[in-house]
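Residues per chain are reported as follows:
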Amino acid sequence: MELFESPTVKLSLYGKGTTIREIALEKVKFTTVPEREDLDDPFIIYDLGDVVSKDNQWRETLPQIETFFAVKSNPDPVVLRLMLGLGRGFDCSSKKEIQTVLDIGASPDRIIFAHPFKQESHLRFAREKGVSLMTFDTEEELYMVKRVYPEAKLVLRLRFDAWKMPIKFGCRDSKVRPLLGLAKELGLSVCGASFYIGNIHSVDPKVFVQAIRHTRSIFEAGRGLGLDMDLLDIGGGFPGRLHAKKPFEKYADAVREALEENFPPSMGVKVIAEPGTFYTQSAGYLVANVMAKRLYRPGKDETTNGTNGTTNGTNGHPVWMYYLNVGVFNAFSGRDVDSITTLFEVPELLRLEGPVGKKHLKPSCLWGPTCYSKDVIFDRCMMPEMESGDFVMFHDMGAYITSSGCGFNGFEVPPTCYIAPKDIRVVLRK
Ligand SMILES: *Cc1c(COP(=O)(O)O)cnc(C)c1O
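Everything numeric in this text was worked out from a predicted model, so none of it was measured.

**Brief notes about the overall build of the protein**
Within the protein one finds ten helices and 18 strands. With 430 residues in all, the protein has 53% of them scored as buried. In the protein, 71% of the contacts between residues at least 6 apart in sequence involve partners at least 24 apart. Total accessible area on the protein stands at roughly 19,200 Å², and carbon and sulfur atoms take up 52% of it.

Pasting the structure below:
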């Protein structure tokens, strides 16, 4: 593969028709990942072309909605520079995230500080840097903003009683009017409302319709109080997997229709969104090494304290237990993050020599590398039999992986190597 190098990124360029499997096998053999010290170290392949095609998809289906990329899903400066090159804004939740996007050259007015409870010093930092757009959902936050950053432009974060939304954030229906009233009294500027529907795997696209419809009434209430509300932020929660069960188009259609009905252009409301997973999930592929294997025979190899879960559902069948150099801490911690709680797909086996085939699938268990006994990726899955030294590749590993992982027990978050199609046209700005 051709290499492209700039001061900020090293890219392998692939030609039309090249498969990710071919790329992975080449990388496994001849490492071009500088941080990968040893040939059996794990790594992430990140396809910037995939991010660009997601952005094209967004522009084609929801051209009227500006996106503010959710930095927490992948704060990698290479990804952030790409988003900047694509003309996108940023959703940040902390001083560090704000600093990171300012460092790559983003303008403060392209940032929304989308954490309804801000650490006071972070709010001061936002004021120093001129990041004025931010969310809130309590009276306490309003008093703090009044004290620290009274010129801020505030967006009310909503939570709806109509369906299960985590209670951690958002203002309930019954509190909306008093809260807006207080903002008015304090002389603060409330410019709009937002929501984040959260986990896409349990959310029907119709939820966006209900949420948008409901938010319309909040705008009416706010405008009734004399607040200048003209910004609607529909958050994230759009699917980002390679083969999403409910494809993005379904969500885009639902959103478009709901906006036409409730926020026609005559209302003069600007609409923004904060997708994270949508942009980054399918761009990432994680390649890991099988460090060891062992056969577990239920009834015969039972441990005395029975702490491992591998006796579930084996029906007495033996289980191949594989020990990978990626696990819950350095790559799969994101599984607890809202948007990707459901199962990661069973990985693809990458063998340098010897057969691969989908035949002869056997009950298997994939352990992570640390000495912690709960470090297990898949308690139960069906895999072709692997050998120590084989590589496996996980798909959809581009969101919430590097951002939430840690190097517990000396097994570090895998380094990333970037790839892009030869004809990629986006400028990766400095
Ligand atoms: C995490 C988060 C997002 C991004 O969510 P995805 O499901 O990854 O698209 C957007 N908005 C807010 C407020 C968030 O907390």
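**Focus: the UniProt feature "active site" (unreviewed entry) in the protein**
As recorded in UniProt, the feature "active site" (unreviewed entry) lies at Cys371. Its location among the elements puts Cys371 in the loop between strand 15 (361-367) and strand 16 (376-384). Of the residues examined, Cys371 reaches a relative accessible area of 73% and is grouped as exposed.

**Some remarks on the site of the ligand**
Of all residues adjacent to the ligand, which total 13 residues, the nearest are Lys72, Tyr196, Glu274, Thr277 and Tyr400. Contact distances for the ligand include 2.9 Å between an oxygen atom and a backbone N or O atom of Gly276. Contact between the ligand and Tyr400: an oxygen atom at 2.7 Å from a side-chain N or O atom of the residue. The fraction of the free accessible surface of the ligand (390 Å²) that becomes covered by protein chains is 92%. Across the shell around the ligand, the residue classes tally to four nonpolar, five polar and four charged.

**Description of the packing of aromatic side chains**
Scanning all chains against the criterion turns up 19 aromatic pairs. Pairing Phe238 with Phe248 gives two aromatic rings, centres 5.9 Å apart and planes at 65 degrees, and the pair type is edge-to-face. Here the residue Phe238 occupies a position in the loop between strand 10 (231-233) and helix 9 (248-262), and Phe248 occupies one in helix 9, the gap between them amounting to ten residues. Both residues of the pair, Phe238 and Phe248, count as buried. A centroid spacing of 6.4 Å and a plane angle of 70 degrees characterise the contact between Phe238 and Tyr251, whose relative ring orientation is edge-to-face. Highlighted residues: Phe238 in the loop between strand 10 and helix 9 and Tyr251 in helix 9, separated in sequence by 13 residues. Note on accessibility: Phe238 and Tyr251 belong to one class, buried. An aromatic cluster is defined as three or more aromatic residues linked by ring pairs; in this entry it consists of Trp58, Phe69, Phe160, Phe195, Phe208, Phe238, Phe248, Tyr251, Phe278 and Tyr279. The aromatic ring of Phe68 is capped on one face by Arg110, whose charged end is 5.5 Å from the ring centroid.

**Description of the nonpolar core**
Of all hydrophobic cores here, the largest spans 108 residues; its most connected members are Phe90, Ile234 and Phe394. Residues in contact with Ile234, not counting those within four places in the same chain, are Ile65, Phe195, Phe208, Ile212, Val255, Val271, Ile272 and Ala273. Ile20, Met393, Cys417 and Ile419 belong to the second-largest nonpolar core, a separate cluster that totals 15 residues.

**Examining the confidence of the model for the protein**
In this model, the protein carries an average pLDDT of 89, and 89% of its residues clear a pLDDT of 70 or more. Low pLDDT (under 50) marks residues 336-343, which in the prediction has 22 contacts with non-local residues, meaning those over four places away or in another chain.

Conventions and cut-offs
- Residues numbered from 1 in each chain as written.
- Predicted model: local features only at pLDDT ≥ 70, side-chain atom pairs only at ≥ 80, totals over all residues.
- Heavy atoms only, no water.
- Helix = DSSP H or I, 4+ residues; strand = E, 2+ residues; numbered from the N terminus.
- Buried < 20%, exposed > 50% of the residue type's maximum accessible area, 1.4 Å probe, protein only.
- Contact = heavy atoms within 4.5 Å.
- Areas by Shrake-Rupley, 256 points an atom, 1.4 Å probe, with all protein chains shown as cover.
- UniProt positions renumbered as here; feature names shortened; annotations may be inferred.
- Near = heavy atom within 4 Å.
- Polar contact = N/O pair within 3.5 Å; in protein donor to acceptor, adjacent residues only side chain to side chain.
- Nonpolar A, V, L, I, M, F, W, Y, C, P; charged D, E, K, R; others polar.
- Phe/Tyr/Trp six-rings, centres within 6.5 Å; stacked < 30°, edge-to-face > 60°.
- Lys NZ or Arg CZ within 6 Å of the ring centre and 35° of its normal.
- Core = buried A, V, L, I, M, F, W, Y, C linked by side-chain atoms within 4.5 Å.
- pLDDT = per-residue confidence, 0-100.

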